[in-house]
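# What the coordinates show
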Amino acid sequence: MFNQISKILPRSEWNKVTIEENNEELIEVIESKKLKIIELEKSYQPVYFVRMVVAEKLYKAAELLPENINLAFIEGYRSLKNQKDLWDAEFENLRELNPDWSNEKIEQQVRLVVARPHPLANHHCGGAVDVTLIHSDGTFLDMGSPYPDKGYNIEIQKKYPMFGIDLSKEQANNRTLLRSAMSDAGFVYYPGEWWHYCYGDRMWAVYTDQESCFYGPVDMEGGQDVKV
């Protein structure tokens, strides 16, 4: 078991990680009694695929939750095109809201919630997942802020980090519940986003203080692509 680093580290640390691709296949995530797929409004149509071991860990995390609470899977693998669409949509949204901002400032803010498509975004490796918690009736638990699929809001964004400010006791407890289940299943959390967990990719390596990882970028149509 590796120790989890809980402070947000600079993206430059990811570039130090060596990818030793293990060529593990991507598989489709199928709903179970405790793992549910939820479809949220996005600027592209997501596909619900992850690496095989990641899928196994998702099912394990779901089973670790209380009987009346399910794990909600939002997204795993994301193509480079979808990553670019997500980045461009958020960038243009911020430009419209803040016409006096420079491109550099807009990019700095976008990076807080969306990984830049190049040189490598973790969702493109199949080891990153976005998840939340829902009750057995399908309603969402209060995590302190919604999953960011509705555009930029600076006040809401303050609550995006795993240990965000101004959280109620209930919201903090719900995040702890999700974090405990995912961590016990073998995932690492990203301190900057309460919904983002990973295994085997560069972020996983960075936040467990390792020099290499075993999931690199994947092209679902063309096979493995380890150029970064």
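Residues numbered from 1 in each chain as written. Predicted model: local features only at pLDDT ≥ 70, side-chain atom pairs only at ≥ 80, totals over all residues. Heavy atoms only, no water.

### Quick word on the environment of Glu56
Cut-off, in case you're wondering: Only DSSP runs of H or I reaching four residues or more are called helices, and only runs of E reaching two or more are called strands; each is numbered from the N terminus. Burial classes: relative accessible area under 20% of the type maximum marks a residue as buried, over 50% as exposed, and values in between as partly exposed (1.4 Å probe, protein chains only).
Position of Glu56 among the secondary structure elements: in helix α1 (residues 52-63). Overall, Glu56 belongs to the partly exposed group, its relative accessible area being 48%. Spatially, the C-alpha atoms of Glu56 and Ala185 are 8.9 Å apart, while their sequence positions differ by 129 residues.

### Notes on the pairing of strand β6 (residues 128-135)
This is how the line gets drawn: Only strands joined by at least two bridges in the DSSP assignment are considered to pair.
Burial runs high along β6: 7 of the 8 residues are buried. Pairing of strand β5 (residues 69-75) with β6 involves 6 bridges; the strand directions are antiparallel. Bridge assignment links Asn70 to a residue of β6, and that residue is Ile134. Sheet topology note: the β6/strand β8 (residues 196-198) ladder contains 3 bridges and is antiparallel. Within β8, the position partnered with Asp130 by the bridge is His196.

### Regarding the confidence of the model for the protein
For clarity, the cut-off: pLDDT measures how confident the predictor is about each residue, on a scale from 0 to 100. Two residues form a contact once any of their heavy atoms are found within 4.5 Å.
Residues with a pLDDT of 70 or more make up 86% of the protein, whose mean pLDDT is 86. Here strand β11 (residues 223-224) stands out as the least confident element of the protein, with mean pLDDT 42; α1 is the most confident, with 98. Predicted confidence is poor over residues 222-228, with pLDDT under 50, and the contacts of this stretch with residues over four places away or in other chains come to 15 contacts.

### Examining the nonpolar core
Keep this limit in mind: Buried residues of nine kinds, namely Ala, Val, Leu, Ile, Met, Phe, Trp, Tyr and Cys, make up a nonpolar core once their side-chain atoms join them within 4.5 Å.
Core analysis: the biggest nonpolar cluster contains 50 residues, and Leu58, Leu71, Val129 and Met182 have the highest contact counts within it. Going through the elements one at a time, α1, β5, β6, α5 (169-184), β7 (188-189), β8 and α6 (202-206) are the ones with two or more residues in this core. Setting aside residues no more than four positions away along its own chain, Leu58 makes contact with Val29, Leu35, Leu71, Phe73, Val129, Val131, Met182 and Phe187. Grouped together as the second largest cluster of nonpolar side chains are 6 residues, Trp87, Phe91, Leu94 and Val110 included.

### Some thoughts on the sheet that holds β7
Selection rule: Convention adopted: a line fitted to C-alpha atoms gives each axis, helices being fitted over their contacting stretch, and angles between N-to-C directions are expressed from 0 to 180 degrees.
Spatial strand order, β3-β5-β6-β8-β7: 5 strands in an open sheet with mixed pairing. Whereas interior strands pair on both sides, the edge strands pair on one side only; in this sheet they are β3 (35-37) and β7. Each of β3, β5 and β6 touches α1; the most contacted strand, β5, lies at about 150° to it. Here α5 sits on the sheet and contacts β5, β6, β7 and β8; the angle it forms with β6, its principal contact strand, is near 130°.

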